[in-house]
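# An overview of the molecular structure
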Amino acid sequence: QVQLVESGGGLVQAGWSLRLSCAASGNIFSINTMGWYRQAPGKQRELVAVITSDENTNYADSVKGRFAISRGNAKNTVYLQMNSLKPEDTAVYYCKAGITVPNPYRYLERWGQGTLVTVSS
């Protein structure tokens, strides 16, 4: 069983910062790309940022220069440092990971349960 657990959401004022964390656990052989997505009320889920196993990153235009994605030393954790938050960043933030599990080896994609970020003006 593989699961992703997010933490770090909350209510902040515009201009403040938050750091989200997501940890993968379970019977894992390797973790490939990890990413953060968000879904605002009444909108579709959208990509925020992704990071590959060799730490190449990609960001949505709306967060470039404000958000930074990184992976922990053990490579099973991904972080999203969010600076200069805006009210339009308000959403449920989801972690996603591409994971190879053993016995038998197969590739899975897993989502976390989501963490709410609310930015007040």
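The rules behind the values
- Residues numbered from 1 in each chain as written.
- Predicted model: local features only at pLDDT ≥ 70, side-chain atom pairs only at ≥ 80, totals over all residues.
- Heavy atoms only, no water.
- Pairing = 2+ DSSP bridges.
- Helix = DSSP H or I, 4+ residues; strand = E, 2+ residues; numbered from the N terminus.
- Axes fitted to C-alpha atoms, helices over the stretch in contact; angles between N-to-C directions.
- Core = buried A, V, L, I, M, F, W, Y, C linked by side-chain atoms within 4.5 Å.
- Buried < 20%, exposed > 50% of the residue type's maximum accessible area, 1.4 Å probe, protein only.
- Contact = heavy atoms within 4.5 Å.

### Regarding the sheet that holds strand S1 (residues 2-7)
One open sheet holds the four strands; their spatial order is S1-S3-S8-S7, and the pairing between them is antiparallel. Only two strands of the sheet have a single partner each, and these edge strands are S1 and strand S7 (67-71). The sheet shows a mean angle of 15 degrees between the axes of neighbouring strands, direction not considered. Where strand S3 (residues 18-26) lies against strand S8 (residues 77-82), six bridges are found, and the strand directions are antiparallel. Bridging from a neighbouring strand, Cys22 pairs with Val78 of S8.

### Section: the nonpolar core
Grouped together as the largest cluster of nonpolar side chains are 32 residues, with contacts concentrated most on Trp36, Leu80, Met82 and Tyr93. Contributing elements (two or more residues each) for this core: S1, S3, strand S4 (30-39), strand S5 (46-51), S7, S8, strand S9 (91-101) and strand S11 (115-120). If you tally residues by element for this core, the top one is S9, at six residues. Excluding residues that lie within four positions of it along the chain, Leu80 makes contacts with Leu18, Arg19, Leu20, Trp36, Val48, Ala49, Phe67, Ala68, Ile69 and Tyr93.

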